[in-house]
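Results of the structural survey
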Amino acid sequence: QLGLEAEPKLVTAKPVWHQLKENPPKSGFVNWPDFERLRPHQPEWVQVPSTIGHWSGMRLDEVLGLERIQVTFDHNMNEVTIDLRPGETKNGEPRFIILGGDPYEVLARWEAQTLQSHPNCKYFCHRDGEKIDSIRYQWERSCVASGLGSWKNPTAKTQSLKGYEGLTFHDL
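Cut-offs used in this document
Residues numbered from 1 in each chain as written. Predicted model: local features only at pLDDT ≥ 70, side-chain atom pairs only at ≥ 80, totals over all residues. Heavy atoms only, no water. Core = buried A, V, L, I, M, F, W, Y, C linked by side-chain atoms within 4.5 Å. Buried < 20%, exposed > 50% of the residue type's maximum accessible area, 1.4 Å probe, protein only. Helix = DSSP H or I, 4+ residues; strand = E, 2+ residues; numbered from the N terminus. Contact = heavy atoms within 4.5 Å. Phe/Tyr/Trp six-rings, centres within 6.5 Å; stacked < 30°, edge-to-face > 60°.

Ranked by internal contacts, the top residues of the largest apolar core, which has 34 residues, are Ile52, Ile82, Phe124 and Trp139. Listed by contribution, the elements that provide at least two residues to this core are helix H2 (32-38), helix H3 (44-56), helix H4 (60-64), strand S2 (79-84), strand S3 (95-100), helix H5 (102-117) and helix H6 (136-145). If you tally residues by element for this core, the top one is H5, at five residues. Beyond its immediate sequence surroundings of up to four residues, Phe124 is in contact with Val48, Ile52, Leu66, Glu67, Arg68, Val71, Phe73, Leu107, Trp110 and Glu111.

Shown next, in the form of structure tokens:
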């Protein structure tokens, strides 16, 4: 419509748009016993984003993009606060997430290790001090090892050819 109304005209006719078919919304979720079964099969650098995702419901891109200054600890209260700034969330709205118990323990231990081994790393979720781009392969392997996923073709030579089916990070 804007193209028709522009001077000079940007189009000669109003385009016709056809709605694309959408997949049904995700309906899976991970309960605590399943998460307890999954996490020990993950390397520690994957356990951290998984723990954040499970307890907060944050999306993977939000979790992997967290900077250390966005994650603060109150060791007297045994709480961790995650500060998602405006524009960093899917809807653009800021969020503050306060977690205690299991996530506090996992994240506080990780932060202490990071201060020792990679004090200049700016990302909270990292692998050897470097930003994590993907946890896909480790996620799939840990889900299969814990019985929460499977391979369609387990004898394939590479993991990408095995065809993973099962739990996704989004299910957290």
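Here we come to the packing of aromatic side chains. Two numbers describe a pair of aromatic rings. These are the distance of the centres and the angle of the planes. On inspection of all chains with the given rule, the structure shows six aromatic pairs. Measuring from ring centre to ring centre gives 6.0 Å for Trp32 and Phe35, while their planes differ by 35°; the resulting arrangement is tilted. Here the residue Trp32 and the residue Phe35 both occupy positions in helix H2, the gap between them amounting to three residues, near one helical turn. Under the relative-accessibility criterion, Trp32 is labelled partly exposed at 30%. Between Trp151 and Tyr164, the ring centres sit 5.9 Å apart and the planes meet at 70°, which makes this aromatic pair edge-to-face. Of this pair, Trp151 sits in strand S6 (residues 149-151) while Tyr164 is found in strand S7 (residues 164-166), placing the two residues 13 residues apart along the sequence. Comparing Trp151 with Tyr164 shows no difference in burial state: the two are buried. In textbook terms, an aromatic cluster arises when at least three aromatic residues are bridged by ring pairs, as seen for Trp32, Phe35 and Trp55.

The values reported here are purely geometric and, on their own, carry no functional implication.
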